[in-house]
Amino acid sequence: MEKVGVCDDFVNLKATELRLGLPGTEDGCEEEKEKITCGKSNKRALPETEKEIESTGKTETASPPKAQIIGWPPVRSYRKNSFQTKKNESEGQGMYVKVSMDGAPYLRKIDLTVYKQYLELMKSLENMFKFSVGEYFEREGYKGSDFVPTYEDKDGDWMLVGDVPWEMFVSSCKRLRIMKGSEVKGLGCGV
Amino acid sequence: MGASSTLLMVSHGHCLLCFSCLVTLIAHFESHLKPFLFFLSISLSLSFRRLSVSVLMGLRLPSKVLEHIISFIDANEDRNSVSLVCKSWFETERRTRRKVFVGNCYAVTPAAVARRFPKMRSLTLKGKPHFADYNLVPDGWGGYAWPWIEAMAAKTPSLEEVRLKRMVVTDECLEKIAASFKDFKVLVLTSCEGFSTDGLAAIAATCRNLRELELRECIVEDLGGDWLSYFPETLTSLVSLDFSCLDSEVKLSDLERLVSRSPNLKSLKLNRAVALDGLESLLRRAPQLVELGTGSFSDDLDQEALSKLAKAFAALKQLKCLSGLWDVLPEYIPLLYSVCPRLTSLNLSYATVQMPDLVDLLSRCSKLQKLWVMDLIEDKGLKAVASCCKELRELRVFPSGADLDETDVALTEQGLVSVSEGCPKLESVLYFCVQFTNTALVTIARNRPNFRCFRLCVMEPFAPDYRTQKPLDEGFKAIVERCKDLQRLSVSGLLTDKAFEYIGKHAKKLGMLSVAFAGDSDLMLHHLLSGCESLKKLEIRDCPFGDAALLENAAKLETMRSLWMSSCFVSFDACKILSQKMPRLNVEVIDEHPPETRPESSPVERIYIYRTVAGPRLDMPEFVWTIHKTPEIGVSNLAIKHCCGRFTFHTLYLISILFPLRC
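Residues numbered from 1 in each chain as written. Chains lettered and ligands numbered in written order. Predicted model: local features only at pLDDT ≥ 70, side-chain atom pairs only at ≥ 80, totals over all residues. Heavy atoms only, no water.

A.B. asks: Help me understand the environment of B:Ser579, please; the structure alone is not making it clear to me.
C.D. replies: Tracing the backbone shows B:Ser579 in helix H21 (residues 572-581). In this structure the C-alpha to C-alpha distance between B:Ser579 and B:Leu551, which are 28 residues apart in sequence, comes to 9.9 Å. (Helix = DSSP H or I, 4+ residues; strand = E, 2+ residues; numbered from the N terminus.)

A.B. asks: It is not clear to me how the packing of helix H13 (residues 378-388) of chain B against helix H14 (residues 413-422) of chain B should be interpreted in this structure. Could you clarify?
C.D. replies: A pair of packed helices is characterised by two quantities: the angle between their axes and the separation of those axes. All names here are of chain B. Remark: H13 packs on H14, axes separated minimally by 8 Å, with the N-to-C direction vectors making an angle of 5 degrees. Between H13 and H14, the crossing angle belongs to the class labelled roughly parallel. Here Asp379, Leu382, Lys383 and Ala386 of H13 lie close against H14, whose contacting residues are Gln414, Gly415, Leu416, Ser418, Val419 and Gly422. Here the contact of H13 with H14 is built from residues that sort into 4 nonpolar, 4 polar and 2 charged. (Axes fitted to C-alpha atoms, helices over the stretch in contact; angles between N-to-C directions. Parallel < 35°, antiparallel > 145°, perpendicular 65-115°, else oblique. Contact = heavy atoms within 4.5 Å. Nonpolar A, V, L, I, M, F, W, Y, C, P; charged D, E, K, R; others polar.)

A.B. asks: Would you mind going over helix H8 (residues 197-206) of chain B with me for this structure?
C.D. replies: Spacing of three or four residues puts side chains on the same side of an α-helix, whose turn is 3.6 residues. Residues and elements named next belong to chain B. Among the 10 residues of H8, 7 are classified as buried, and the element is accordingly described as predominantly covered. If you check which residues of H8 are buried, you get Thr197, Gly199, Leu200, Ala201, Ala202, Ile203 and Ala204. The elements touched by buried residues of H8 are helix H7 (171-180), strand E7 (186-190), strand E8 (193-196), strand E9 (212-216) and strand E10 (219-221). Measuring from the side-chain oxygen of the N-cap residue of H8 to the backbone nitrogen of Asp198 gives 3.1 Å; that N-cap residue is Ser196. (Buried < 20%, exposed > 50% of the residue type's maximum accessible area, 1.4 Å probe, protein only. Polar contact = N/O pair within 3.5 Å; in protein donor to acceptor, adjacent residues only side chain to side chain.)

A.B. asks: So what exactly am I meant to see when it comes to the side chain of B:Ser262 here?
C.D. replies: Residues and elements named next belong to chain B. Mapped onto the elements, Ser262 comes out in the loop between helix H9 (252-260) and strand E12 (267-269). For Ser262, the side chain forms a polar contact with the main-chain oxygen of Leu258, separated by 2.7 Å. If sequence neighbours within four positions are ignored, Ser262 has contacts with Thr236, Leu238 and Gln288.

A.B. asks: Looking at this structure, I do not really get the UniProt feature "domain: F-box" (unreviewed entry) in chain B. What am I missing?
C.D. replies: Listed under "domain: F-box" (unreviewed entry) in the UniProt record, and renumbered for this structure, are residues 61-102 of chain B. A helix fraction of 60% and a strand fraction of 10% characterise residues 61-102 of chain B, whose end C-alpha atoms lie 30 Å from each other. (UniProt positions renumbered as here; feature names shortened; annotations may be inferred.)

A.B. asks: Help me out: how do you make sense of the confidence of the model for chain A in this one?
C.D. replies: Predicted coordinates in areas of low pLDDT are best not read in detail. Residue and element names in this part refer to chain A. Of all residues in chain A, 50% attain a pLDDT of 70 or more, and the chain-wide mean is 65. Note that pLDDT drops below 50 for residues 24-45; the model gives that stretch 37 contacts with residues more than four away or on any other chain. Overall, residues 48-66 carries pLDDT values under 50, and its contacts beyond four positions in sequence, including any with other chains, amount to 28 contacts. (pLDDT = per-residue confidence, 0-100.)

A.B. asks: Where do I start with the packing of aromatic side chains in this structure?
C.D. replies: One pair of aromatic rings is described through two measures. These are the centre distance and the angle between the planes. Residue and element names in this part refer to chain B. Across all of its chains, the model carries 22 aromatic pairs over all chains by this definition. When the centroid spacing of 5.1 Å and the interplanar angle of 55 degrees are considered together, the rings of Phe451 and Phe454 count as tilted. The exposure class assigned to Phe454 is buried, which follows from its relative accessible area of 0%. Pairwise contacts between aromatic rings join Tyr106, Trp141, Trp564, Tyr608 and Tyr610 into one cluster. A cation over an aromatic ring shows up here: Arg617 above the ring of Tyr106, its NZ or CZ 4.5 Å from the ring centre. (Phe/Tyr/Trp six-rings, centres within 6.5 Å; stacked < 30°, edge-to-face > 60°. Lys NZ or Arg CZ within 6 Å of the ring centre and 35° of its normal.)

A.B. asks: I keep staring at the pattern of salt bridges and nothing clicks. Help me out?
C.D. replies: Oppositely charged side chains can form a pair if their charged atoms are brought close together. For the structure on display, the rule yields 36 salt bridges over all chains. Note that B:Asp327 and B:Arg272 form a salt bridge whose closest N and O atoms lie 2.9 Å from each other. Placement of the pair is B:Asp327 in the loop between strand E14 (321-323) and strand E15 (345-347) and B:Arg272 in the loop between E12 and helix H10 (276-285), with a sequence separation of 55 residues. Among the ionic pairs, B:Glu533 bridges to B:Lys508, the shortest N-O distance being 3.9 Å. Taken together, the positions of B:Glu533 in the loop between helix H18 (522-531) and strand E22 (537-541) and B:Lys508 in the loop between helix H17 (497-506) and strand E21 (512-516) put the pair 25 residues apart, joining distant regions of the chain. Accessibility expressed as a relative area gives 30% for B:Lys508, which makes it partly exposed. Here the salt bridges share partners, and the residues they tie into one network are A:Arg76, B:Asp133, B:Arg166 and B:Glu217. (Salt bridge = Lys/Arg side-chain N within 4 Å of Asp/Glu carboxyl O.)

A.B. asks: What exactly am I supposed to notice about the environment of B:Val480 here?
C.D. replies: All names here are of chain B. Locating Val480 in the fold gives a position in helix H16 (residues 473-482). Overall, Val480 belongs to the buried group, its relative accessible area being 2%. Spatially, the C-alpha atoms of Val480 and Gly546 are 25 Å apart, while their sequence positions differ by 66 residues. Residues in contact with Val480, not counting those within four places in the same chain, are Leu486, Leu489, Tyr502, Ile503, His506 and Ala507.

Structure follows, in structure tokens:
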């Protein structure tokens, strides 16, 4: 689990850094990373809102920064506009990330800011996807279950949920994936 | 054409030949003309779709006769072939062509088209590339209708029909149409923008013989509903009216009177602002309607009003197409039951109908051929469709979530599998789904080898097969291998270069392909450009292609209508080279940053490449750059070069058959 080790150091450095700004916020170096990684490596990167706004020259003032890709899914704006009423109000300012589980056709979105610690998050995921996650050990990862919760961080690396302090996790997590047993062994070697 | 015997080869992919007619016709001519010897030697080589006929003829047809024969030929592809035979055929054909179709408004100048087809009655034009629908083309890019309208007003004032798609149409355009074409009959604008309701008023007021006015999903500056009142009391010719994309309320009494005095009205599509009581009164006045788009379907109606509305629907004995149904309340769905058994087309994509109301409705639509619906239908609903709608030919399932990629909905790949199993005539699909599996795609391909159009949008970018975590290469391989008639394909999900190798190898009839977030390298583009023989339109976004494949396959680009690439890795350098290499291509770089400020090797934001004989266009905004300049190439060369495709000329002349029927 070398990757995790590396990130621990990274995390520790960050934790001791003195900065102005709200805890958990990071610099916007995502743009650059996107331009470099898109397609050039195995790690897939999704173009973020910031990049798209810059490139089209139009500011999509209406849409909140929820990592929506321009023109995707390919549904005509005429069609999109008809359904604006549905959920916009309820979502507010949370940190929404997508959650997928190997073998399940659905994706869910959860708001990480709703939870205070890993335990709450795990319980919620277990409920949502009807599985149980086993116990987390710092060195060995998850034991006792086929399912392992992982997440993709800002750098595109896949990590075990629980390896970093909660606040760090909330600010760096881009999406969650509940992997199934056989896939877990590949963790840390690129997805 | 010499009097000596000439070998005429007929080779056309889409036509059947009526041999006895041909023989009779030629015999008929003989009796009126000098007795030339001719030999009719027919060798049939039948494949499933092609008929080849070799005819040896030593005959010169007088132009009146030729004109008469050619007047039977309707389809543009056939007419294009006819125009290739020789100069006199070209001349005769161009003087008799009434319906002109220009797939890319920048491929040729309006003046050239007006000059070539003086008898033009109907003009169909397409402007912006397809990806403009998804906001990938910045505003102001182009696609202006004005130069065309201006040219036609001057040269072909007997124009009666104008159909525009993805073009910028101003009020001036509409006023010009109204003022210039005395017998104007049909205006259909699809996904157009740039005009206001004032322009509509001009059309309404001036076009005395107006038959069709259709605004399909246009962006209109809505200054109010007055425009409808401009239809004069003398206008009784209306056959089709579609103002569903407008917001403002029109005066109901004006609409009622218009409908009452239009006995030929067959299609009426209202906007959301028309309430249910208005609908009832209109239906009463137009029981002959074949197509109906309702307004909002949610007002509070009392018993009496409800029963009146039910009666009005029941009276629509000819109704085949139903759409609209905004905000429809579940308790009002039974009002539609009486028309269901006759419906061939149902568009519920704006109606928030849930299961099981959907099933109640659809189970009554046994004749349904076209269904557009939202993913609220779920797998369960599609299973019901599979068992009830055996005539189904086209299915579109749109996402309903506000974020458009959330699923609170139980629609998975299984829904499409069911429909592919149960509906033997299904040939066109657009399906939005969060994730997919290879097994499902293989099953679908096996069930339905007759797909002509298969557009799958796996909404989660790079999503692998969610069961096996593998790419969807094998799934799409099955689709292109089995569906030999596939003309249009959209791929999505996690795909490697392999998938495109399969597409290049098998999709020989593919005309249009859309790709997003896929592939590993340049190889992917190379497979497509070197393999897909029939490819006309290719649109790509967010794929890791660079310069190599593009430059290597430059010649292919001239056989296509257009290529769109955005967020890929093509450099400005490559664009320059391509442009210099291929003078008959417009290579447009659409980029916020001027080329001087970005390093030559860094990727450009968007490229749009299309073949043209009009040279670089003169109406480009500041963010569009083309690099080359070419002299204007004449129209006659255009006809012959453009339509050449894969025909071999030599000393053989090509003639498309005289009585074409489309298979």
